[in-house]
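Reading the structure
Okay, here's what each chain looks like letter by letter:
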Amino acid sequence: MSDSRSAGILSIGSYTPKRVVTNDDLSKIVDTNDEWIFQRTGIRERRFAREDEYTSDMAIEAARVALQRAELEPKDIDYILVATASPDNTFPNTACWVQKGLGMGDIAALDISTACAGFVYALELAAALVNTESYRNVLVIGAEKLSSITNWTDRGSCILFADGAGAAVVTKTDGRGRVLCSRNGARYDYDALNVAAGGSRMPASHETVEKHMHTIALKGRTVYKFAVQKFEEMAREACQRGGITADQVSLVVPHQANVNIIESAMERAGISMDRVVINMDRYGNTSSASIPIALDEALAAGRIKRGDYVLLEAFGGGLSWGYNLIKW
Ligand code: UT7
């Protein structure tokens, strides 16, 4: 039976691993220091998963919190979307591991591979699935163990990445957490950001392992410039499509890549930094997990109230990007 309600976020949950790694700790691995890392990125410390703690384990922890807050049981979920660039393995996909870990039935389980833009892609798809009325409750997760695909010999990138997970339950609501509009995009750019080996293009070999080709390669400056421009463009477009001004945006929850990227873009978009969530100082860049972790913290801190316009925006490898404008 169709109803006039539409898809919204019912609850959020997150999980960050216990092990804290400071910039000083990294300076023992590569030639770097706390001052350089903090000034260039805004990162002070990050969390790394245990060796025997995998992407799906963190995803499951975050999902348990979101389900409990939604007052739902795993059996109430009928679709799982996991955004990740660091899946447990190629297949079964990480969503299948989550399905098993939460003891769910034989429901749809899909991984989304758009790197750091994964969560905003997944949220748009979840809202669409719910609005088609084919599915009732969609579990959306962003989860990463980037420490397992980081090049620990490259000081230009290894200082950025971290581990963690965040989850959302998306369902038809009475207007709460309503996804007003979203847009996702992508433009091929291999050199800017990639993991070269491990797929059909470059299967694993001794050489690929020796040359660290199973880890993230990054052209920092290229991605930086792209990100500033995209963040500004997306903020403007979201406001225009949502029929609001930049002043009416209560809170922006951006992908936690680099505080300098965010500050430049927000200044250009006319959004003051007191309305922007920043937590990369404590968690680093957790790729597709960064937005739901930051959103969870913002909710816990009472920074979001009913009726607020909340903008989520992200960019990542692909290159890929996207936003969701939500009326809380
Ligand atoms: O989620 C999407 C993933 N990607 C990103 O978000 C990356 C976006 N880009 C960035 O965040 C920045 O470009 C970085 C933080 C990665 C790099 O900052 P930058 O200001 O673009 O530095 P740079 O790469 O231009 O390097 C400047 C200098 C170089 O030295 P010289 O050539 O000027 O002597 C680097 O060798 O800083 C040096 N450098 C470092 N020094 C100390 C690079 N990495 C480090 C380091 N510690 N960790």
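Our subject is the structure listed above.
Residues numbered from 1 in each chain as written. Predicted model: local features only at pLDDT ≥ 70, side-chain atom pairs only at ≥ 80, totals over all residues. Heavy atoms only, no water.

A closer look at the pattern of salt bridges
Pairing between side chains of opposite charge can happen when the charged atoms of each approach one another. Going through the model one piece at a time under the given rule, you end up with 18 salt bridges. With its nearest N and O atoms 3.8 Å apart, the salt bridge here joins Lys28 to Asp25. One salt bridge in this structure joins Glu297 and Arg282, with 3.0 Å as the shortest N-O distance. With Glu297 in helix α11 (residues 290-300) and Arg282 in helix α10 (residues 280-283), this residue pair connects regions lying 15 residues apart in the sequence. A residue is classified by how much of its surface remains accessible, and Glu297, at 24% relative accessible area, is partly exposed. What you see here is one network of salt bridges that share partners, running through Arg50, Asp52 and Glu53. (Salt bridge = Lys/Arg side-chain N within 4 Å of Asp/Glu carboxyl O. Helix = DSSP H or I, 4+ residues; strand = E, 2+ residues; numbered from the N terminus. Buried < 20%, exposed > 50% of the residue type's maximum accessible area, 1.4 Å probe, protein only.)

A short note on the site of the ligand
Every one of the 20 residues lining the ligand counts as a neighbour, but Thr32, Arg40, Arg221, His255 and Asn258 are closest to it. One of the side-chain N or O atoms of Thr32 is found 2.7 Å from a nitrogen atom in the ligand. Contact between the ligand and His255: an oxygen atom at 2.8 Å from a side-chain N or O atom of the residue. Within the complex, 73% of the 950 Å² of free accessible area of the ligand lies under protein. Contributing elements (two or more residues each) for the shell around the ligand: α2 (34-41), α6 (155-158) and α8 (220-242). The residues that make up the shell around the ligand include at least three from each of domain 1 (3-174) and domain 2 (180-187 + 218-327). (Near = heavy atom within 4 Å. Polar contact = N/O pair within 3.5 Å; in protein donor to acceptor, adjacent residues only side chain to side chain. Areas by Shrake-Rupley, 256 points an atom, 1.4 Å probe, with all protein chains shown as cover. Domains from an automatic or database assignment.)

With respect to the side chain of Asp76
Mapped onto the elements of the fold, Asp76 is located in the loop between α3 (55-70) and β4 (79-83). In this structure Asp76 comes out as buried when scored by relative accessible area, which is 18%. Reaching out from Asp76, the side chain makes a polar contact with the backbone nitrogen of Glu73 at a distance of 2.7 Å. In contact with Asp76, other than residues within four places in its own chain, are Arg136 and Asn137. (Contact = heavy atoms within 4.5 Å.)

Re the packing of α3 against helix α4 (residues 94-101)
Running from N to C, α3 and α4 point in directions that differ by 55°, and their axes come no closer than 9 Å. As judged from the angle between their axes, α3 and α4 are oblique. Considering how the two elements wind past one another, α3 and α4 form a crossing that is right-handed. Here Thr55, Ser56, Ala59, Ile60 and Arg64 of α3 lie close against α4, whose contacting residues are Thr94, Trp97, Val98 and Gly101. (Axes fitted to C-alpha atoms, helices over the stretch in contact; angles between N-to-C directions. Parallel < 35°, antiparallel > 145°, perpendicular 65-115°, else oblique. Left-handed = near helix turned anticlockwise from the far one by under 90°.)

What about the packing of aromatic side chains?
Taken as a whole, this structure holds 4 aromatic pairs when the rule is applied. Between Phe48 and Trp152, the ring centres sit 5.6 Å apart and the planes meet at 70°, which makes this aromatic pair edge-to-face. You can see Phe48 sitting in strand β3 (residues 45-48) and its partner Trp152 sitting in the loop between β6 (138-145) and α6, a full 104 residues away along the chain. For Phe48, a relative accessible area of 6% corresponds to the buried category. Arg44 extends its terminal NZ or CZ atom over the ring of Phe38, reaching a point 3.6 Å from the ring centre. Its end group placed over the ring of Tyr224, Arg221 keeps NZ or CZ at 4.8 Å from the ring centre. (Phe/Tyr/Trp six-rings, centres within 6.5 Å; stacked < 30°, edge-to-face > 60°. Lys NZ or Arg CZ within 6 Å of the ring centre and 35° of its normal.)

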